[in-house]
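Summary of structural features
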Amino acid sequence: MSKTKDSKPLSLSHTLRDLAHLRASDFDLCSLLSSKAQSANPADSLIDRSVEESYLFAQEVRSALNLHNRSELVTLGGRVEDMRAKTAGTSLLDIGIRYLSCKLF
């Protein structure tokens, strides 16, 4: 082999040779992964859960900020206040009937 092939940390020839050895020896890599997962430290699962909750929190914060930046809440709040003003003193039954009649006709 030339020196340029050997100077690379993960040269293609070495990687292919190692994969060929693994395939020829019928070594099951999945057995290593499953045994590692079964013998995991409980502290690791706590850390994993904490990281997952952190990602969920960040996602919810991004959603709230996007909603705030689009000013949809202000628009929706204005519509709710308009409906309250229009229906002041009106029963819920009357509102429901008015809503259904608008939808049907």
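Here, every reference points to the structure presented above.
Since we're looking at a predicted model, the values are computed, not measured.

About the cut-offs
- Residues numbered from 1 in each chain as written.
- Predicted model: local features only at pLDDT ≥ 70, side-chain atom pairs only at ≥ 80, totals over all residues.
- Heavy atoms only, no water.
- Patch = residues over 30% accessible without salt bridge, like charges linked within 9 Å, V, L, I, M, F, W, Y side chains within 5 Å.
- Areas by Shrake-Rupley, 256 points an atom, 1.4 Å probe, with all protein chains shown as cover.
- Salt bridge = Lys/Arg side-chain N within 4 Å of Asp/Glu carboxyl O.
- Helix = DSSP H or I, 4+ residues; strand = E, 2+ residues; numbered from the N terminus.
- Buried < 20%, exposed > 50% of the residue type's maximum accessible area, 1.4 Å probe, protein only.

Some thoughts on a nonpolar patch on the surface
- On the surface, a cluster of nonpolar side chains totalling about 680 Å² of accessible area is made up of Leu12, Leu16, Leu19, Leu22, Phe27, Leu29 and Leu32.
- For the nonpolar patch, the secondary structure elements donating two or more residues are helix H2 (12-24) and helix H3 (29-38).
- Turning to its location among the elements, Phe27 is positioned in the loop between H2 and H3.
- Overall, the relative accessible area of 43% leaves Phe27 in the partly exposed class.

Digging into the pattern of salt bridges
- According to the stated counting rule, one finds two salt bridges in the structure shown.
- Residues Glu53 and Arg49 are paired through a salt bridge, measuring 4.0 Å at the closest nitrogen-oxygen approach. Highlighted residues: Glu53 and Arg49, both in helix H4 (residues 42-69), separated by four residues, approximately one helical turn.

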